[in-house]
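# Working through the structure, step by step
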Amino acid sequence: MHATIHGERTLTELDHVRLSKLSDGQLPPALADLLATADVVHARDMPGDVITMLSQVELVDAHSQRRQMLTLCYPADAEPSAGFISVLSPVGCSLLGLKTGAVATWQTPCGEASAARVVAIPFQPEASGDYLS
């Protein structure tokens, strides 16, 4: 089963292009579907409440109510123990393009359903004026 997302998905043009080139076109089905259906906007037009690549995100787990901070990154920069989550992972793909307040759902590698609410985006490159990251 793929990650399922509740809410609209918006990507920057640059994120869309870079993600389309990952893994020599062998993207996880959920990410390929997202790239095919997302609204794509210029980085300068990206609202500050949308998760883009390299955004820092505060989540609250739907079951445990545990808060956690993650940074959505490219696979080469992933370091889950330090909170850097690859966009190719079920969690990473479920977050990309979501707005603050949305709920991301995904399945763990063990097949368990997980969900978390996006409560804040403390850092988004585009909101800080970085349109090229």
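Each remark here, short or long, concerns the structure printed above.
Reading the values: rules and limits
- Residues numbered from 1 in each chain as written.
- Predicted model: local features only at pLDDT ≥ 70, side-chain atom pairs only at ≥ 80, totals over all residues.
- Heavy atoms only, no water.
- 1 Å grid on protein atoms, 1.4 Å probe; cavity = no way out; pocket = protein on both sides within 12 Å on 5 of 7 lines; lining within 4 Å.
- Points joined across faces, edges and corners; volume = space filled by probe spheres on them.
- Helix = DSSP H or I, 4+ residues; strand = E, 2+ residues; numbered from the N terminus.
- Nonpolar A, V, L, I, M, F, W, Y, C, P; charged D, E, K, R; others polar.
- Pairing = 2+ DSSP bridges.
- Buried < 20%, exposed > 50% of the residue type's maximum accessible area, 1.4 Å probe, protein only.

With that settled, the discussion passes to the layout of surface pockets. Of the voids in this model, the largest pocket is the one considered here, and its volume is about 180 Å³. Contributing to the lining of the largest pocket are 14 residues, with Asp-61, Gln-68, Val-91, Trp-106 and Ser-114 lying nearest its centre. When contributions to the lining of the largest pocket are tallied by element, the ones reaching two or more residues are strand 4 (56-61), strand 5 (67-73), helix 3 (90-95), strand 7 (103-107) and strand 8 (113-123). Ranked by the residues each element gives to the lining of the largest pocket, the list is headed by strand 4, at three residues. In the lining of the largest pocket, the residues fall into eight nonpolar, four polar and two charged.

On to the pairing of strand 7, then. When strand 7 meets strand 8, the two strands line up antiparallel, connected through five bridges. Residue pairing in the sheet places Val-103 in a bridge with Arg-117 of strand 8.

Not every positive phi belongs to a glycine, and Leu-54 is a case in point at roughly 75 degrees. In this fold, Leu-54 is placed in the loop between strand 3 (39-41) and strand 4. Classification of Leu-54 as partly exposed rests on a relative accessible area of 26%. Residues other than glycine seldom take positive phi values, yet Gln-65 does so here, at roughly 65 degrees. In this fold, Gln-65 is placed in the loop between strand 4 and strand 5. With a relative accessible area of 52%, Gln-65 lands in the exposed category.

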